[in-house]
Amino acid sequence: MNPSEVLAKAISRAAVVLDINENQLAAILGVDIAFLAVAIEPASCTGLRALQLIRIYQRLSAITGNDNAAMSQWMTTTNRRFDCSPRELMQTAEGLDEVTSYLDSL
């Protein structure tokens, strides 16, 4: 399997655990929903956003002790710092950066 296929599979698995549906994932990656079935080139803009989402998944996994239910709850619950859920905020590039920075600071 090449790196593009690996990234596409990893992002798909992370989205399931983080309770991110296909429409939300497409918004987070900045692509049309039809593009989700295609391999993601890691060096592309979409690939960099995908890698950032993987980083968010890894940070949450470390914080929660790999508790998928806790990870999903954190993603979908309104956060006082963001005034919305992290899942909602991440649907823009700036929001994705903000959630990443927040988790990196913990």
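The following paragraphs examine the structure supplied in this document. Bear in mind that the values here come from a model prediction, so they are computed numbers and not experimental data.

Structural notes on the overall build of the chain
Piece 1. Per the secondary structure count, the chain includes six helices and zero strands.
Piece 2. Reading the chain from its N end, one meets helices and strands in the order α-α-α-α-α-α.
Piece 3. For a compact globule of 106 residues, the expected C-alpha radius of gyration is about 13 Å, and the chain comes in at 13 Å, within 12% of that figure.
Piece 4. Summarising its shape, the C-alpha atoms of the chain cover approximately 35 × 25 × 20 Å along the three principal directions.
Piece 5. Buried positions account for 42% of the 106 residues belonging to the chain.
Piece 6. A fraction of 53% describes how many contacts in the chain between residues 6 or more apart in sequence connect residues 24 or more apart.

Thoughts on the packing of helix α2 (residues 22–29) against helix α3 (residues 45–64)
Piece 1. Following both chains from N to C, one finds α2 and α3 inclined at 120 degrees, their axes separated by 8 Å at the closest point. Contacts between α2 and α3 involve L25, A27, I28 and L29 from the first element and T46, R49, A50 and L53 from the second.
Piece 2. Considering only residue class, the contact of α2 with α3 consists of six nonpolar, one polar and one charged.

Scoring rules and cut-offs
Residues numbered from 1 in each chain as written. Predicted model: local features only at pLDDT ≥ 70, side-chain atom pairs only at ≥ 80, totals over all residues. Heavy atoms only, no water. Helix = DSSP H or I, 4+ residues; strand = E, 2+ residues; numbered from the N terminus. Rg over C-alpha atoms; globule rule 2.2 N^0.38 Å. Buried < 20%, exposed > 50% of the residue type's maximum accessible area, 1.4 Å probe, protein only. Contact = heavy atoms within 4.5 Å. Axes fitted to C-alpha atoms, helices over the stretch in contact; angles between N-to-C directions. Nonpolar A, V, L, I, M, F, W, Y, C, P; charged D, E, K, R; others polar.

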